[in-house]
Amino acid sequence: MNIKYKAGIFDLDGVIVDTAKYHYIAWKNLAHELGFEFSKTENQLLKGVSRERSLEILLSIGGIEVDDETKIRMAKQKNDEYVRLIKQLDRSEMLPKVESFLRSLRNYGIKTVLGSASKNAPLILQRLDIEKLFDAVIDGNKVSKAKPDPEVFLKAAKEVGIDPVNCVVFEDAEAGLQAAKLAGMYAVGIGKPDQLPSADIVFPGLYGVDIKKMFFS
Ligand code: BG6
Ligand code: MG
């Protein structure tokens, strides 16, 4: 068995844990306070998108214009509520087979890295008690350019000393898959094929991925 890929880089929200519902509650409450409804379908537009950009999308849906200072206050208000919600997060909310998948990769000597846009990644990993399952964590606190810019994945590869062509990215957002391709990596979509056109291959969840088939030849 020859090893093809030496690192797996994982998005957090939507790949490791379903946090979209908590982001949704917090954005919906902010929209409500601003006098408009924000639907679950509209929430899909925020998948993989940075906090600042998410706020801009929300405001444009509500047809609201505010100055930069107000944007900072609103983003903080949304995040304070989101953090209150995820402080209750527990391991039961981890997506199926995530932990065994990470453990198997590590047993094969494959590096595992987190590559997330979220500034709350450290808190989430701690709540799930899976920090030790990653060789490195690159999150929203460590990057300046949002996906689809490849910065987050290139930094992730560099941190563990693996060439980008030997990395596999697991992502549930189209912007993240575009970032993976721009980084020169193999891009695995998690979700539905019609919503993830940039993926090299799509699975409904990590549970569907055959590690030997994907990482070895
Ligand atoms: C991404 C989520 O992982 O992180 C987005 O898919 C979110 O919905 C983004 O906006 C930033 O997260 P945070 O926790 O820093 O607000
Ligand atoms: Mg995601």
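Everything numeric in this text was worked out from a predicted model, so none of it was measured.

Q: Just checking my understanding: could you explain the overall build of the protein chain for this structure?
A: Looking only at helices and strands, the protein chain features nine helices and six strands. In terms of overall dimensions, the protein chain is globule-like: its C-alpha atoms have a radius of gyration of 17 Å, near the 17 Å expected for 217 residues. Judged by the C-alpha coordinates and their principal axes, the protein chain covers about 60 × 35 × 30 Å. Residues classed as buried in the protein chain amount to 48% of the 217 residues present. Charged side chains of the protein chain number 31 positive and 31 negative; the gap between the two group centres comes to 6 Å.

Q: What am I meant to see in the coordination of the magnesium ion (ligand 2) here?
A: Reference geometry at the metal: tetrahedral coordination by four donors gives ideal angles of 109.5 degrees; octahedral coordination by six donors gives 90 or 180 degrees. In this structure, Asp11 (OD), Asp13 (O) and Asp172 (OD) serve as the protein donors to the magnesium ion (ligand 2), at separations of 2.0 to 2.1 Å. Every donor residue of the magnesium ion (ligand 2) comes from the same chain, spaced as D-x1-D-x158-D. Here Asp11 and Asp13 have matching classes, each one buried.

Q: What should I look at first to understand the pattern of salt bridges in this one?
A: As a working rule, side chains carrying opposite charge can pair if their charged atoms are close by. Per the counting criterion, the structure on display carries 13 salt bridges. Among the salt bridges present, the one from Glu52 reaches Lys119, with a minimum N-O distance of 3.6 Å. Here Lys119 lies in the loop between strand 2 (111-115) and helix 6 (121-128) and Glu52 lies in helix 3 (residues 51-62), a separation of 67 residues in the sequence. Glu52 gets classed as partly exposed once you look at its relative accessible area, which sits at 41%.

Q: Help me understand the site of ligand 1, please; the structure alone is not making it clear to me.
A: Around ligand 1, the surrounding shell holds 14 residues, and the nearest of these are Asp13, Val49, Ser118, Lys119 and Asn120. Contacts to ligand 1 include Leu46, whose backbone N or O atom sits 3.1 Å from an oxygen atom. Here an oxygen atom of ligand 1 sits 2.8 Å away from a polar atom, N or O, in the main chain of Gly48. If ligand 1 stood free it would expose 400 Å²; the protein chains cover 96% of that surface. Considering only residue class, the shell around ligand 1 consists of four nonpolar, six polar and four charged. Per-domain counts for the shell around ligand 1 show at least three residues from each of domain 1 (7-17 + 91-215) and domain 2 (20-86).

Q: Just checking my understanding: could you explain the side chain of Asn43 for this structure?
A: Following the sequence through the fold, Asn43 ends up in helix 2 (residues 40-43). Those residues in contact with Asn43, other than ones at most four positions away along the chain, are Ala20, Tyr24, Trp27 and Phe38.

Q: I tried to follow the packing of aromatic side chains on my own but got confused; where do I start?
A: To describe a pair of aromatic rings, one takes the distance between the centres and the angle between the planes. Applying the stated criterion across every chain yields a total of nine aromatic pairs. A ring pair is formed by Phe101 and Phe170, whose centres lie 5.5 Å apart and whose planes are at 85°; its orientation type is edge-to-face. With Phe101 in helix 5 (residues 98-107) and Phe170 in strand 4 (residues 167-171), this residue pair connects regions lying 69 residues apart in the sequence. Phe170 carries the same exposure label as Phe101, and that label is buried. Chaining the aromatic ring pairs together yields one cluster made of Tyr5, Phe10, Phe101, Phe134, Phe170, Tyr186 and Phe215. A cation sits over an aromatic face here: Lys78 above Tyr82, 4.5 Å from the ring centre.

Q: Mind showing me how you'd approach helix 5 here?
A: It helps to recall that an α-helix has 3.6 residues per turn; residues three or four apart then point in one direction. For helix 5, the set of buried residues is Val98, Glu99, Phe101, Leu102 and Leu105. On an axial view of helix 5, the arc spanned by its buried residues comes to 165°, and they lie on one face. The inward-facing, buried residues of helix 5 abut strand 1 (7-10), strand 2, strand 4 and helix 9 (211-215). Where helix 5 terminates, the next one or two residues include Gly109, which has phi positive at roughly 85°.

So, how was this worked out
Residues numbered from 1 in each chain as written. Chains lettered and ligands numbered in written order. Predicted model: local features only at pLDDT ≥ 70, side-chain atom pairs only at ≥ 80, totals over all residues. Heavy atoms only, no water. Helix = DSSP H or I, 4+ residues; strand = E, 2+ residues; numbered from the N terminus. Rg over C-alpha atoms; globule rule 2.2 N^0.38 Å. Buried < 20%, exposed > 50% of the residue type's maximum accessible area, 1.4 Å probe, protein only. Lys, Arg positive; Asp, Glu negative; His and termini not counted. Charge placed at Lys NZ, Arg CZ, Asp CG, Glu CD. Donors = N, O, S within 2.8 Å, 3.2 Å for Na, K, Ca; no water. Salt bridge = Lys/Arg side-chain N within 4 Å of Asp/Glu carboxyl O. Near = heavy atom within 4 Å. Polar contact = N/O pair within 3.5 Å; in protein donor to acceptor, adjacent residues only side chain to side chain. Areas by Shrake-Rupley, 256 points an atom, 1.4 Å probe, with all protein chains shown as cover. Nonpolar A, V, L, I, M, F, W, Y, C, P; charged D, E, K, R; others polar. Domains from an automatic or database assignment. Contact = heavy atoms within 4.5 Å. Phe/Tyr/Trp six-rings, centres within 6.5 Å; stacked < 30°, edge-to-face > 60°. Lys NZ or Arg CZ within 6 Å of the ring centre and 35° of its normal. Arc of directions from axis to C-beta.

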